[in-house]
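Spelled out from the first residue to the last, the chains are:
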Amino acid sequence: MRKFASLRLDWLYLRNRNLELPSQITKFIITGVPRVGSNFLMGLLNGHRDVTCFSELFHPNQIFYGRENRQRVDFGSIENRDHDPFAYLRKVYSENHGTITVGFKILHQQNYRMLKFLVNRQDIKKIVLTRRALMHSYTSSLIAKETGIFALRSSDRENVEPTRVVVDPDEFIAYATKIRGFYDRIARDLSDQEFYSVEYANLAQNSTEIVNILNFLGIENDPSVTTVHKRTSPRTLSDRVANWDEVLTRLGGTPYEEYLNQE
């Protein structure tokens with residue numbers, strides 16, 4: 001049964017490889033891996049009057065519209081989406097959201113067929129979000145799973161209590177290897193296209209990055225744009241990792257030491 005379903009999806013994606021999408025709006029996606037600042041970037045983009053940025057529309061377990069959008073749109077159920085992802089995609093890009101630029105996040109391990117399709121489309125702009133400090137991403141994921149809090153806004157009264165997690169160095173090595181493989185594939189797939197790659201630390205610390213992203217999307221800068229999200233994890237790794245000394249000893253002097261910076 002699973003094999004049949006997989007073959008049906010392969011056929012569906014092949015059939016729709018030349019799918020017509022509306023040309024009157026600028027279409028974009030944000031891709032990367034979880035916990036590299038995609039909520040931060042989404043908040044910045046949604047702060048611009050000409051941009052609508054949805055959250056993780058192709059998450060396997062739930063459709064995440066983003067707090068700014070979930071009260072005003074409904075593209076259908078997960079079952080509808082998974083039965084015909086292209087009808088779903090047309091809704092995303094075809095409905096009038098009141099802006100000239102529309103996009104969403106689609107991250108690693110969410111829907112590889114749809115991500116491949118979107119990456120191959122020349123008419124969809126791609127923003128690739130990275131983070132050099134992969135240990136930050138890894139521990140942020142562990143903390144989010146433990147606390148159940150994946151995003152916080154500046155206006156939220158709730159604060160995450162300082163949480164320390166135990167890191168298995170070997171599991172981190174496997175994670176880092178997998179993530180590097182993902183970005184290598186994205187780079188190969190985008191080798192013949194223009195795209196914008198942004199590193200989270202640069203985005204968080206340098207206001208010109210959002211200006212560059214807006215220029216890439218073809219819209220004017222708005223100096224009033226600011227993020228609505230705040231950190232959900234302690235800033236430094238030594239405050240996050242209960243066995244920090246063990247991790248330093250195990251990974252120090254290896255190719256993975258570069259991911260242990262304290263930014």
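As a convention, each chain's residues are numbered from 1 in the sequence order in which they are written. In view of the model being predicted, local features appear only for residues whose pLDDT reaches at least 70, and side-chain atom pairs are presented and counted only at 80 or more, with totals across whole chains, interfaces and linings using the full set of residues. Water and hydrogen atoms play no part in the side-chain values, which are based on all heavy atoms of the structure.

1. Side note on unusual backbone geometry
Put simply, the test is: Numbering of helices and strands starts at the N terminus; helices are DSSP runs of H or I of at least 4 residues and strands are runs of E of at least 2. Remark: exposure states derive from per-residue accessible area (1.4 Å probe, protein chains only) relative to the maximum for the residue type, with buried under 20%, exposed over 50%, and partly exposed in between.
A positive phi angle is found at Arg35, which is not glycine, with a value near 70°. Counting through the fold element by element, Arg35 comes out in the loop between strand 1 (26-31) and helix 2 (38-46). Assessed through its relative accessible area of 15%, Arg35 is described here as buried. One non-glycine residue, Gln109, lies in the positive phi region at around 70°. Inspection of the secondary structure puts Gln109 in the loop between strand 3 (101-105) and helix 5 (112-120).

2. Some points on the sheet that holds strand 1
Basically, it comes down to this: For two strands to be treated as a pair, DSSP must find no fewer than two bridges joining them. Axis angles are defined between N-to-C directions and span 0 to 180 degrees, where every axis is a line fitted to C-alpha atoms and, for a helix, only to the segment in contact. For this analysis, residues touch if any pair of their heavy atoms sits within 4.5 Å.
Strand order in the open sheet formed by five strands is 2-3-1-4-6, with parallel pairing between adjacent strands. Two strands lie at the open edges of the sheet, namely strand 2 (51-56) and strand 6 (196-199), each paired on one side alone. Within the sheet, the average angular offset between the axes of one strand and its neighbour, ignoring direction, is 20°. The pairing of strand 2 with strand 3 spans five bridges and is parallel. Bridge pairing in strand 3 links Phe54 to Phe104. In this fold helix 4 (residues 85-94) packs onto strand 1, strand 2, strand 3 and strand 4 (124-130), with an angle of close to 135° to the strand it touches most, strand 3.

3. Let's talk about the pattern of salt bridges
Proximity of charged atoms lets side chains of opposite charge pair with each other. The line we're drawing: Take a side-chain nitrogen of Lys or Arg and a carboxyl oxygen of Asp or Glu: if they are within 4 Å of each other, that pair is a salt bridge.
Scanning all chains against the criterion turns up seven salt bridges. As a salt-bridge pair, Asp170 and Arg250 come within 2.6 Å of each other at their nearest N and O atoms. Taken together, the positions of Asp170 in helix 7 (residues 169-189) and Arg250 in helix 11 (residues 244-251) put the pair 80 residues apart, joining distant regions of the chain. Take Arg250: its relative accessible area is 37%, and that puts it in the partly exposed class.

4. Thoughts on the packing of helix 7 against helix 11
Keep this limit in mind: For classification, angles of less than 35 degrees are called roughly parallel, those exceeding 145 degrees roughly antiparallel, those between 65 and 115 degrees roughly perpendicular, and all remaining angles oblique. For any pair of crossing helices, the crossing counts as left-handed if the nearer helix is rotated counterclockwise from the farther one by less than a right angle, and right-handed if it is rotated clockwise. Amino acid classes used here: Ala, Val, Leu, Ile, Met, Phe, Trp, Tyr, Cys and Pro are nonpolar; Asp, Glu, Lys and Arg are charged; the rest, including Gly, are polar.
Following both chains from N to C, one finds helix 7 and helix 11 inclined at 60°, their axes separated by 10 Å at the closest point. In this view, helix 7 runs oblique relative to helix 11, as classed from their interaxial angle. Crossing of helix 7 over helix 11 shows right-handed handedness. Contacts between helix 7 and helix 11 involve Pro169, Asp170, Phe172 and Ile173 from the former and Glu246, Val247, Arg250 and Leu251 from the latter. Looking at the contact of helix 7 with helix 11 residue by residue, the class counts come to five nonpolar, no polar and three charged.

5. Some words on the environment of Leu89
Note on placement: Leu89 falls in helix 4. Exposure remark for Leu89: the relative accessible area of 0% places this residue in the buried category. Apart from the residues lying within four places of it in its own chain, the contact partners of Leu89 are Leu19, Leu21, Phe58, Phe104, Met114, Phe117 and Leu118.

The values reported here are purely geometric and, on their own, carry no functional implication.
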